[in-house]
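So the chains spell out like this:
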Amino acid sequence: MKIALAGYGKMGHMIEAAAKFRGHDVVATIDISAPDASVRVSSAAELADVVEKCGADGVIEFTHPTSVLENIRALVPMEIPVVVGTTGWMEKLDEVTSLVKSSKGSLFYSSNYSIGVNMFYRMVKNAAALMAQYEEYDVAVWEAHHRQKADSPSGTALDIAKLIMEANPGKTEMIFDAFHEKPQNNQLHVSSTRIGSVPGTHTVYFDSAVDTIELTHTVRNREGLAMGSVRAMEWLFAGLENGSLTRGQTYNMDNMLS
Ligand SMILES: NC(=O)c1ccc[n+]([C@@H]2O[C@H](COP(=O)([O-])OP(=O)(O)OC[C@H]3O[C@@H](n4cnc5c(N)ncnc54)[C@H](O)[C@@H]3O)[C@@H](O)[C@H]2O)c1
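Residues numbered from 1 in each chain as written. Predicted model: local features only at pLDDT ≥ 70, side-chain atom pairs only at ≥ 80, totals over all residues. Heavy atoms only, no water.

**Points about the overall build of the chain**
For the record, the criterion: Only DSSP runs of H or I reaching four residues or more are called helices, and only runs of E reaching two or more are called strands; each is numbered from the N terminus. Radius of gyration: C-alpha atoms only; globule rule: 2.2 Å multiplied by the number of residues to the exponent 0.38. Exposure classes here rest on a 1.4 Å probe applied to the protein chains alone. A residue is buried below 20% of its type maximum, exposed above 50%, and partly exposed in between. In what follows, residue pairs with any heavy atoms lying within 4.5 Å of each other are defined as contacts. Accessible surface area values rest on a Shrake-Rupley calculation with a 1.4 Å probe, where residue burial reflects the displayed protein chains alone.
Each helix and strand counted, the chain has eight helices and twelve strands in total. The C-alpha atoms of the chain give 20 Å as radius of gyration, which agrees with the globular expectation for 258 residues (18 Å, within 12%). Taken along its principal axes, the extent of the C-alpha atoms in the chain is 65 × 40 × 30 Å. Sorting the 258 residues of the chain into buried and exposed places 44% on the buried side. The long-range fraction of contacts in the chain, counting pairs at least 24 apart against all pairs at least 6 apart in sequence, stands at 65%. Carbon and sulfur atoms make up 51% of the accessible area of the chain, which amounts to about 13,400 Å² in all.

This is the structure in structure tokens:
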């Protein structure tokens, strides 16, 4: 495939390497400021113009939450597959879905492109449903990240906690802070540690009086995110070519990994 990259920051560089590793041509690296980008642009319209001129079969967008919507609005009507990694626009998903439908574009989005994390979500969902059948088992979520991370809990920990609560009707409330009294049975403790350079660890504990089960996902580096976005592009492009996917649709990891 000929792939254009919108955004040539940390992820853009890793996606370029992943795309080349998978045998694709990266025909443009487009950014508003990165000095090593092949083209610098100052607007979403310019971005779309560059993508069109470079003859890309698809575009992967990892820029900034303040730019992503304008970029989506400019890129989707071009009718080539658009894979979006930038986060922070989910409240506009309905608007974007309508635009994709009306303009016959195709868009893939995910807040986490790691295949491993998405598989972990499925394991947690199944495990939580299994364990919820036995009241002697309690459940909790713990995550650790590097000291540069500004927010806690992580978005991934929140997603994991939501999956547990969907699978276990006995857990109805997440508690993020320290407990100053005994936890209630309906409370799901989601705790965070910030330490050193940990790239991201998430553990789900199922605990009874006689044993503990721990499910842990450990990130080694962000290359898995880059590779996942390239795989999403391949999946979308191939699906549109062979007719298993249709234009005018918005897709996510659940569709790809089903
Ligand atoms: N979905 C996922 O799996 C996933 C994984 C990692 C990061 N992200 C998200 O992807 C985004 C980028 O992450 P990053 O680590 O590469 O950030 P980064 O800051 O290293 O790079 C972003 C780049 O986008 C450029 N940019 C900003 N606005 C632009 C615009 N309008 N047009 C073109 N280029 C523009 C910046 O100049 C910068 O070079 C963030 O929102 C981050 O949260 C998502």
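**Focus on the sheet that holds strand S2 (residues 25-31)**
As a reminder, the rule being used: DSSP-based pairing: two strands are paired if at least 2 bridges between them are found. To obtain each axis, a line is fitted to C-alpha atoms, and for helices this fit is confined to the stretch in contact; angles are then taken between N-to-C directions over 0 to 180 degrees.
Taken together, seven strands build an open sheet; the order of strands is S3-S2-S1-S4-S5-S6-S12 and the sheet is parallel. Edge positions in the sheet fall to strand S3 (39-40) and strand S12 (249-251), since each has one partner strand and no second. On the sheet, helix H4 (residues 93-103) packs against strand S6 (106-109) and S12 and is oriented at approximately 150° with respect to S6.

**A short note on the environment of Leu-236**
Assignment of secondary structure puts Leu-236 in helix H7 (residues 223-242). Ignoring sequence-local partners within four residues, the contact set of Leu-236 consists of Pro-81, Val-82, Ser-106, Leu-107, Phe-108, Leu-245 and Tyr-251.

**Here we look at the site of the ligand**
Selection rule: Near is defined per residue: the residue qualifies when any heavy atom it owns lies within 4 Å of the molecule or strand. Two N or O atoms form a polar contact when they lie within 3.5 Å of each other; inside protein one atom must be a possible hydrogen donor and the other a possible acceptor, and for residues adjacent in sequence the pair counts only when both atoms belong to side chains. Only Asp, Glu, Lys and Arg are considered charged, only Ala, Val, Leu, Ile, Met, Phe, Trp, Tyr, Cys and Pro nonpolar, and every remaining residue, Gly among them, polar.
The local shell around the ligand holds 23 residues, among which Lys-10, Met-11, Asp-31, Ser-110 and Arg-222 are the closest. With respect to the ligand, the backbone of Tyr-113 contributes an N or O atom lying 2.9 Å from an oxygen atom. Coverage of the ligand by the protein amounts to 80% of the 870 Å² it exposes when considered alone. Residue composition of the shell around the ligand, by class: seven nonpolar, 13 polar and three charged.

**Things to note about unusual backbone geometry**
For the peptide bond that leads from Ser-152 to Pro-153, omega is -5°, which places it in the cis range. Here Pro-153 shows up in the loop between strand S7 (138-145) and helix H6 (155-167). Although it is not a glycine, Glu-79 sits at a positive phi angle of roughly 70°. Note that Glu-79 resides in the loop between helix H3 (68-75) and strand S5 (81-84). Residue classification places Glu-79 among the partly exposed residues on the basis of a relative accessible area of 41%. Positive phi, close to 55°, is recorded for Lys-104, a residue that is not glycine. Secondary-structure assignment places Lys-104 in the loop between H4 and S6.

**Some remarks on the pattern of salt bridges**
What counts, and what does not: Whenever Lys or Arg places a side-chain nitrogen within 4 Å of a carboxyl oxygen from Asp or Glu, that contact is recorded as a salt bridge.
Under the defined criterion, the tally for this structure stands at ten salt bridges. Residues Glu-70 and Arg-73 are paired through a salt bridge, measuring 2.6 Å at the closest nitrogen-oxygen approach. With Glu-70 and Arg-73 both in helix H3, this residue pair falls three residues apart, about one helical turn. On the accessibility criterion, Arg-73 (33% relative accessible area) is partly exposed. Shared partners join several salt bridges into a network, and the residues in it are Glu-70, Arg-73 and Glu-95.

**A short note on the nonpolar core**
As a reminder, the rule being used: Nonpolar core, defined: a set of buried Ala, Val, Leu, Ile, Met, Phe, Trp, Tyr and Cys residues in which side-chain atoms within 4.5 Å join the residues together.
Counting residues in hydrophobic clusters, the biggest one holds 25 residues, and the most contacted among them are Ile-30, Val-51, Val-59, Ile-72, Trp-89 and Leu-107. Breaking this core down by element, the ones donating at least two residues are strand S1 (2-6), S2, helix H2 (44-53), H3, S5, H4 and S6. Discounting residues that sit within four places of it in the chain, Val-59 has contacts with Ala-4, Ala-6, Val-51, Leu-75, Ile-80, Pro-81, Val-82, Val-83 and Met-233. By size, the runner-up hydrophobic cluster in this structure holds 24 residues, among which are Met-1, Val-83, Tyr-113 and Leu-240.

**Topic: the layout of surface pockets**
This is how the line gets drawn: Grid spacing is 1 Å over the protein atoms alone, the probe is 1.4 Å, and a cavity is where that probe fits but cannot get out, while a pocket is an open set with protein on both sides within 12 Å along at least five of seven lines and lining residues have an atom within 4 Å of a point. Grid points are joined across faces, edges and corners, and a volume is the space filled by probe spheres set on the points.
The computed volume of the second largest pocket comes to approximately 310 Å³. In this structure, the second largest pocket is lined by 19 residues; those nearest its centre are Asp-31, Ile-32, Thr-63, Ser-67 and Asn-71. At the level of elements, S2 and H2 are the ones that each hand at least two residues to the lining of the second largest pocket. Class assignment for the residues of the lining of the second largest pocket results in eight nonpolar, ten polar and one charged.

**Some points on the domain arrangement of the chain**
Applicable threshold: Domain ranges listed in this record stem from an automatic or a database domain assignment. When two components associate, each loses some accessible surface as probed by a 1.4 Å sphere; the sum of these losses over both components is called the buried area.
Taken domain by domain, the chain consists of domain 1 (2-113 + 223-256) and domain 2 (115-218). The gap between the C-alpha centroids of domain 1 and domain 2 is 31 Å. Contact with domain 1, which involves eight residues of that partner, is made by seven residues of domain 2. Carbon and sulfur atoms supply 41% of the area that domain 1 and domain 2 bury against each other, a total of about 480 Å² over both sides. Ranking the residues of domain 1 by area buried against domain 2 places Asn-112, Met-253 and Asp-254 at the top, with a combined share of 68%. Counting the contacts that link domain 1 with domain 2 gives one salt bridge. When the shortest N-O distance is used, the salt bridge between Asp-254 and Arg-122 registers 3.7 Å.

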